Amino acid sequence: MIYLKTFLFIGGTEIVFILFIVVLVFGADKLPEIARGLGKGMRTLKDATNDIKHEVTKSAKENNVIDTEVTKNINEELNKVKDDLEDFTGSLKRDR
C-alpha cells in the first residue's frame, strides 16, 4: 500500500488544486509577494512566541519560581508551538 503524507488533512491533489486556483486568482507575478508576506507573518509569530517565553522566564526568575511545574508546562507548550511553527515554515524555506 502507498501512504501519502497529508498536511492538515489535505492530500497532495487538493494542495495542487488549491495552488492552481491561487495562481488563477492572483496571477503568477503576485505569488512571490504573497509568499514573502506569509514568511514575514510567520517570522513575526515566531518572534512573539520567543518574547513571551523570555518574559515568562524573566518573571519566574524574579519571583523565584523558575523550577515549578507551571513554568515547566509553559516551556513545554512553547516548545511544541515552536516545533509546529518550524515544521510549517520548513516547507516555505528555500534550499540554497
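None of these values were measured; they are calculated from a predicted model.

### Quick notes on the overall build of the protein chain
Part 1: If you tally the helices and strands in the protein chain, you get three helices and zero strands.
Part 2: Listing each helix as α and each strand as β along the protein chain from the N terminus yields α-α-α.
Part 3: Residue burial in the protein chain is summarised as follows: out of 96 residues, 9% are buried.
Part 4: On the protein chain, roughly 8600 Å² of surface is accessible, and the fraction owed to carbon and sulfur atoms is 61%.

### Looking at the environment of Asn50
Part 1: Mapped onto the secondary structure, Asn50 falls in helix α2 (residues 31-62).
Part 2: Judged by relative accessible area, Asn50 falls into the partly exposed class, the value being 24%.
Part 3: In this structure the C-alpha to C-alpha distance between Asn50 and Leu78, which are 28 residues apart in sequence, comes to 8.3 Å.

### Here we look at a nonpolar patch on the surface
Part 1: A surface patch of nonpolar side chains, about 890 Å² in accessible area, is lined by Phe17, Ile18, Phe20, Ile21, Leu24, Val25, Phe26, Ile34 and Leu38.
Part 2: Among the elements of the structure, α1 (12-26) and α2 are those that each provide at least two residues to the nonpolar patch.
Part 3: Element by element, the count of residues in the nonpolar patch is highest for α1, at seven residues.
Part 4: Tracing the backbone through its elements, the reader meets Ile18 in helix α1.
Part 5: For Ile18, a relative accessible area of 44% puts it in the partly exposed group.

### Description of the environment of Leu45
Part 1: Position of Leu45 relative to the elements: it lies in helix α2.
Part 2: Separated by 37 residues in the primary sequence, Leu45 and Lys82 place their C-alpha atoms 9.6 Å from one another.

### So, the side chain of Thr49
Part 1: When you line up the elements, Thr49 lands in helix α2.
Part 2: In contact with Thr49, not counting residues within four places along its chain, are Leu78 and Val81.

What counts and how
Residues numbered from 1 in each chain as written. Predicted model: local features only at pLDDT ≥ 70, side-chain atom pairs only at ≥ 80, totals over all residues. Heavy atoms only, no water. Helix = DSSP H or I, 4+ residues; strand = E, 2+ residues; numbered from the N terminus. Buried < 20%, exposed > 50% of the residue type's maximum accessible area, 1.4 Å probe, protein only. Areas by Shrake-Rupley, 256 points an atom, 1.4 Å probe, with all protein chains shown as cover. Patch = residues over 30% accessible without salt bridge, like charges linked within 9 Å, V, L, I, M, F, W, Y side chains within 5 Å. Salt bridge = Lys/Arg side-chain N within 4 Å of Asp/Glu carboxyl O. Contact = heavy atoms within 4.5 Å.

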